[in-house]
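This is what each chain is made of:
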Amino acid sequence: MRTPRHRELRWPGQCHRASPWAGRQRAAGRAVCPQLLVAILDSMRKQEVRNGGEAGQGHGAGSPAEQVKALMDLLAGKGSQGSQAPQPPDRTPEFPLRPHSNDVRIKRHREALLNRTGGGAEPGSPSPRLTSLLLVEGLTDLQLREHDFTQVEATRGRWCSTRTIALDRLFLPLSRVSIPPRVSITIGVAGVGKSTLVRKFVHLWARGQAGKDFSLVLPLTFRDLNTHEKLSADRLVRSVFPRAGEAGLASAALTRVLLVLDGLDECKTPLDFSNTVACTDPRKEMQVDHLITNVIRGNLLPEASVWVTSRPGAAGQIPGGLVDRMTEIRGLNEEEIKECLEEMFPEDQILSGWVLSQVQADRGLYLMCTVPAFCRLAGSALGHLHRNRPGPQDAELWPPRTLCELYAWYFRTALGGEGLEKGKASPRIEQLAPGGRKVVGTLGRLAFHGLVRKKYVFYEPDLKVFGVDLALLQTALCSRFLQREETLAASAAYCFTHLSLQEFVAAAYYHSASKRAIFDLFTEGGMSWPRLGFITHFRSAAQRAMQAEDGRLDVFLRFLSGFLSPRVNALLASSLLTQGEHQGYRAQAAELLQGCLRPDVAVCARAVNILHCLRELQHTELARNVEEAMESGGLARLTSPPHRAALAYLLQVSDVCAQEANLPLCLSPGILQSLLPQLLYCQSLRLDANQFQDPVMELLGSVLSGNDCRIQRISLAENQISNKGAKALARSLLVNRSLTTLDLHGNSIGPQGAKALADALKINRTLAFLSLQSNVIRDYGARALAEALATNRTLSVLHLQSNAVGPVGTQWIADALKQNRSLKELMFSSNSIGDGGAQALAEALKVNQGLKSLDLQSNSISDTGVAALMAALCTNQTLLSLNLRENSISPDGAQNLARALCSNSTLKSLDLTANLLHDQGAQAIAVAVRENRALTSLHLQWNFIQAGAAKALGQALQLNTSLTSLDLQENAIGDEGASAVAGALKANTTLTALYLQVASIGAPGAQALGEALAVNRTLEILDLRGNAIGVAGAKALANALKVNSSLRRLNLQENSLGMDGAICVATALSGNHGLQHISLQGNHIGESGARMISEAIKTNAPSCTVEM
């Protein structure tokens, strides 16, 4: 698609330089014949007289160039003798056919369009899908090469672009310095609403509610254009604007015109921009495809805007360099699918809800319901099915599980003539069978040969060629499949109501004809004797589907396979199929289909379609084996081409893979390479621990660089990626616009790899999460990342743990944080920043107002560094979480911590695990906790804290109203300390989690805690693992459990409970309905005792999970 250029708008009278006007005059001289110029000037001057302007002098004299100059002068507002300065169009009141003109011809044209698009009534409110189109930058390989169904399935109904443009701004500049697009294309899969969009826009323009910049809108469909063998630009305009009068093209040349060409995919002859001869004569008759090519190139109607709608594959006929703007109509989202079904059954919400539940039960069908036409078709079939419950013989055949089953039910719905009419008795299916066979025989050959020849619109000559009885088309059954539409040439055009219905009827015809045909149905040649047999024809269909690069036979082959399934055979046995005929072919067809899965380098969409065919055939063993291997971790042993194809298929349709394709420890580089086309559309990829090296990163980089890449998250942790592989990924980040998360932890990218990624971050605007943990990037890599942070505004999470970064590298990061406002989380643990690095970060925190989480675990920070950090916390108002565990903070450092906690009002989580606080330091922090009203989580594990500090913390808890989690594990607080904390629980109403593992607590401490639990109503987690509460302590806690209603998790692992203590706890649970998890492991209960107690707990508290 051509890049928009910032040039002046092509409005008459707005250019101030001579050379563009000279070029314009020459172009107009070429495009408009001399005779027509005279008529144009006469018409314009007559219009000027009617508008009260002065009539020009000198009618029709001079050369074409002079006439063009006179025309341009008139358009510039000068008249034939005027000399006033050029004025922009919005200031030119004499513009002869400006928007909202009272010109009678335009008024009548608007009235005619209103009648064509639904009358003059106020149109209904257009769907948000149709009033806000997606702005796209071109067609993807998937759109150019694959069937519409494949596009929806591969992308899971999601849309890559997030940029939208309102319908009323579709033809306006995107900025003040750009120009309106001349050639616009709107793409969308079959049935998504392209023609509906065009009708809505034309209707709104005719009412003066949209496209107000256009004086004239000329809507045409390729169904109209196909009725002409040859056509000129002049006749093209007259065909839709017959009131143009003798001036013909004058109306189109002198106003801002929009030419709408709806349905390029229905053009009977593909556009060939390479071999079409240029033509600038508007009266010259030529083939329609040549005419359209010259109009799009700008050789004809150069001043007219052109809007083309098309299915994606056909839109590729127009070179990207000629396209100024491309938009896409998105499919329905979840809420819109629900609304669509509710609109189908407005009188019965229960019915619409049931239909929705049936659609949602099958992911494949639900994805296809993002296409409105398919959604309505599915709703029609399922609605009929619900209102006319199947008899006992059909009870096992519903609801439909596959595509062919759904269409078989639709066929039965149409055959019964029931539709959605409630309460109308349907005739027996056996009575209607002859009519059904006749319809398939009549329309099937038309559908099949149209599909083979890429023909989707038919005219009466086509119907006669294929022996279609026109009288039969008037029946209700045919109207369910084929719709009739009048063209501007007063002839009728016919097309199937949806592409998939043409494919279904074509498959039904092929299935029937192949049992008796003695020639190749695709070519109607190649005689054989005495007959080829069904399987030979099935093989021919499968081979041709595999060879069709555009996938146009994919869904046809699915339907053909579906006709061999037992359920479809039972559904259609009385109308289209013979009872039980599938039995002789089904196994052979399944074997033949699996034989199509060749060991190609990449698993193509054709191979994935074979798996869809096998599912239609109800032969799912291959896919089921691979799915079981994925769940059990045995995928590494399944490496054959069929297994690869099945894995690619599951990546598209599996509910598990919909959220994340989790493929660790199972992929070789070869298998990954074969799956690249499918991985492209996965939302989340986890490829950890696959021993991938740099060459694989080159492959993944090519995938991430694709303009149709949909991957948002990718994890490549614990592989063997060096700086070369990182550089390949970095190159892809320069152009990728979908990836938000990249996890490379546990590789060896080194400083150079970090620099490559950092350089990419200077340009990339989508990546929000980057993990480089354990990659030895050192200070040089940290410096490169710091330079990127200074300009990057999208990265919000950066993990740099275990990277040998010292004070120098930390200083660079800190300097960047003084400028950066987007980074929210910085994980910097297990480096060697020391006090110098801590001081640098502290200075940054005084300025930075964006960082919310800072992890400095295990960084050799002592009291000096802590003092600097705490001084920063006294002023910083954004940091919410600070991790200082495993450093060297002494009681002196704790004093600084306490002072900061007294003044800071934003920090919520503080982790001081494994420092050297002792009682003195912990007591200082306890005093601060009494005053602090922001902190919610405090970790003091393994800090040599004893009973004195525990008492101080207990006193603090009685006054504190914010702390929800307190961790005192691996501190010898003993029974005295536990009793102090327990006493606080009787008054505290905010603490929800208390961790007292390995805290030297015996029976007295447990008894105190039991008394507290009997009163407390907020504690949800109590962890007492690794203490020695014994039987007495267990009994105390058991008594508390009988009345406590808040506790959800209780860990009593390794507490010397014995059988008696465990039984006490198990028995107490009969009166407790809140506990969800209890651990009694390591209490010397024995196997038999464990079983007995486990059963008792299951009986007394069935919702509680027990670990024994």
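Residues numbered from 1 in each chain as written. Predicted model: local features only at pLDDT ≥ 70, side-chain atom pairs only at ≥ 80, totals over all residues. Heavy atoms only, no water.

Student: When you look at the overall build of the protein chain in this model, what are you seeing that I'm missing?
Tutor: Across its full length, the protein chain holds 46 helices and 29 strands. Out of the 1108 residues belonging to the protein chain, those deemed buried represent 57%. The long-range fraction of contacts in the protein chain, counting pairs at least 24 apart against all pairs at least 6 apart in sequence, stands at 80%. About 44,100 Å² of surface is accessible on the protein chain, with carbon and sulfur atoms providing 50% of the total. (Helix = DSSP H or I, 4+ residues; strand = E, 2+ residues; numbered from the N terminus. Buried < 20%, exposed > 50% of the residue type's maximum accessible area, 1.4 Å probe, protein only. Contact = heavy atoms within 4.5 Å. Areas by Shrake-Rupley, 256 points an atom, 1.4 Å probe, with all protein chains shown as cover.)

Student: What am I meant to see in the sheet that holds strand β12 (residues 492–496) here?
Tutor: Working definition: the strands of a sheet are paired by backbone hydrogen bonds and lie parallel or antiparallel to each other. A sheet is described by the order of its strands in space; here three strands give the open sequence β10-β12-β11, paired in antiparallel fashion. Two strands lie at the open edges of the sheet, namely β10 (458–459) and β11 (482–486), each paired on one side alone. When β11 meets β12, the two strands line up antiparallel, connected through five bridges. Opposite glutamine 483, over in β12, you have cysteine 495 as the bridge partner. (Pairing = 2+ DSSP bridges.)

Student: Before we go on, may I ask you to explain the pairing of strand β3 (residues 183–187) in this structure?
Tutor: For a regular strand, side chains alternate in direction, first toward one face of the sheet and then toward the other. Taking burial as the measure, the five residues of β3 include five buried ones, the bulk of the element. Going residue by residue along β3, you find Val183, Ile185 and Ile187 tucked away on one face and Ser184 and Thr186 tucked away on the opposite face as well. Of the pairings in the sheet, the one linking β3 to strand β8 (residues 305–310) comprises five bridges and is parallel in character. Bridge assignment links isoleucine 187 to a residue of β8, and that residue is serine 310. Examined bridge by bridge, β3 and strand β9 (residues 325–328) share four bridges and lie parallel to one another. Paired with threonine 186 across the two strands is threonine 327, which belongs to β9.

Student: Quick question: what am I supposed to make of the sheet that holds strand β2 (residues 164–166) here?
Tutor: Judged by pairing direction, the sheet is mixed, and its seven strands sit side by side in the order β2-β1-β9-β3-β8-β6-β4 without closing on themselves. Of all strands in the sheet, those with a lone pairing partner are β2 and β4 (216–221), marking the two edges. For this sheet, the mean angle separating the axes of adjacent strands, direction not counted, is 25 degrees. Along the sheet, helix α8 (residues 194–206) contacts β1 (132–136), β3, β4, β6 (257–262) and β8; its crossing angle with β8, the most-contacted strand, is approximately 150 degrees. In this fold helix α12 (residues 288–297) packs onto β3, β6 and β8, with an angle of close to 125 degrees to the strand it touches most, β8. (Axes fitted to C-alpha atoms, helices over the stretch in contact; angles between N-to-C directions.)

Student: Got a minute to help me understand the confidence of the model for the protein chain in this structure?
Tutor: Close inspection of predicted coordinates is inappropriate for parts of the model with low pLDDT. Of all residues in the protein chain, 85% have pLDDT values of 70 or greater, and the mean over the chain is 85. Considering only residues more than four positions removed or in separate chains, one finds that residues 3–41, a stretch of pLDDT under 50, has 72 contacts. Under a pLDDT of 50 for its full length, residues 67–102 has, in the predicted model, 71 contacts with residues more than four places off or in other chains. (pLDDT = per-residue confidence, 0-100.)

Student: What exactly am I supposed to notice about the environment of serine 132 here?
Tutor: Looking at the secondary structure, you find serine 132 in strand β1. Using a relative accessible area of 27% as the deciding quantity, one classes serine 132 as partly exposed. The spatial distance from the C-alpha of serine 132 to the C-alpha of arginine 163 is 9.6 Å, given a sequence separation of 31 residues. Excluding residues within four positions of it along the chain, serine 132 makes contact with Thr164, Ile165 and Ala166.

Student: When you look at the side chain of threonine 402 in this model, what are you seeing that I'm missing?
Tutor: Among the structural elements, threonine 402 can be located in the loop between α17 (372–387) and α18 (403–416). Threonine 402 gets classed as buried once you look at its relative accessible area, which sits at 3%. Apart from residues lying up to four places away in sequence, threonine 402 is in contact with Leu365, Arg615 and Glu616.

Student: It is not clear to me how helix α44 (residues 1030–1041) should be interpreted in this structure. Could you clarify?
Tutor: Since one α-helical turn is 3.6 residues long, residues separated by three or four positions face the same way. Spanning twelve residues, α44 covers 17 Å between terminal C-alpha atoms, matching the ideal 16 Å at 1.5 Å per step. For α44, the set of buried residues is Gly1030, Gly1033, Ala1034, Ala1036, Leu1037, Ala1038, Ala1040 and Leu1041. Elements in contact with the buried residues of α44: α43 (1003–1015), β27 (1049–1051) and α45 (1058–1068). (Expected span 1.5 Å × (residues − 1).)

Student: What's the story with helix α15 (residues 349–360) in this structure? I'm lost.
Tutor: The end-to-end C-alpha separation of α15 is 16 Å, in line with the 16 Å expected for twelve residues at 1.5 Å each. Among all positions of α15, only Leu351, Ser352, Trp354, Val355, Leu356, Gln358 and Val359 are buried. Considering only its buried residues, α15 is in contact with α14 (334–344), α16 (363–368) and α17. Its side-chain oxygen 3.2 Å from the backbone nitrogen of isoleucine 350, aspartate 348 forms the N-cap of α15. (Polar contact = N/O pair within 3.5 Å; in protein donor to acceptor, adjacent residues only side chain to side chain.)

Student: Any chance you could explain the packing of helix α27 (residues 605–616) against helix α29 (residues 641–653) here in plain terms?
Tutor: Geometry of a packed helix pair, given as the angle between the helix axes and the separation of the axes. In the contact formed by α27 and α29, the axes pass within 8 Å of each other and the chain directions differ by 80 degrees. Taken as axis vectors, α27 and α29 run roughly perpendicular relative to one another. Between α27, through Ala607, Val608, Leu611, His612 and Arg615, and α29, the contact on the second element is made entirely by Ala645, Ala646, Ala648, Tyr649, Gln652 and Val653. Classifying every residue of the contact of α27 with α29 gives eight nonpolar, two polar and one charged. (Parallel < 35°, antiparallel > 145°, perpendicular 65-115°, else oblique. Nonpolar A, V, L, I, M, F, W, Y, C, P; charged D, E, K, R; others polar.)

Student: I tried to follow the packing of aromatic side chains on my own but got confused; where do I start?
Tutor: Two aromatic rings, taken as a pair, are described by how far apart their centres are and by the angle between their planes. Applying the stated criterion across every chain yields a total of 23 aromatic pairs. Between the aromatic rings of phenylalanine 534 and tyrosine 585, the centroid separation amounts to 4.6 Å while the plane-to-plane angle is 35 degrees, which identifies the pairing as tilted. Of this pair, phenylalanine 534 sits in helix α23 (residues 534–547) while tyrosine 585 sits in the loop between α25 (566–572) and α26 (586–595), and the two are 51 residues apart along the sequence. On the basis of relative accessible area, phenylalanine 534 is assigned to the buried category, the value being 3%. By way of ring pairs, the aromatic residues Phe149, Phe374, Tyr407, Tyr410, Phe411, Phe481, Phe504, Phe559 and Phe563 are connected into one cluster. (Phe/Tyr/Trp six-rings, centres within 6.5 Å; stacked < 30°, edge-to-face > 60°.)

Student: Just checking my understanding: could you explain the environment of isoleucine 721 for this structure?
Tutor: For isoleucine 721, the position within the fold is in the loop between β15 (713–715) and α33 (723–733). A residue is classified by how much of its surface remains accessible, and isoleucine 721, at 0% relative accessible area, is buried. Sequence-wise, isoleucine 721 and isoleucine 749 are 28 residues apart; in three dimensions their C-alpha atoms are separated by 6.1 Å. Those residues in contact with isoleucine 721 that sit more than four places away from it in its chain are Phe692, Asp694, Met697, Leu716, Ala726, Leu744, Asn747, Ser748 and Ile749.

Student: Looking at this structure, how should I read the side chain of arginine 330?
Tutor: Mapped onto the elements of the fold, arginine 330 is located in the loop between β9 and α14. You can call arginine 330 buried: its relative accessible area is 15%. Among the polar contacts listed, one links the side chain of arginine 330 to the side chain of glutamate 336, at a separation of 2.8 Å. Here arginine 330 is in contact with Pro128, Arg129, Leu134, Trp159, Val192 and Glu336, once residues within four sequence places are set aside.

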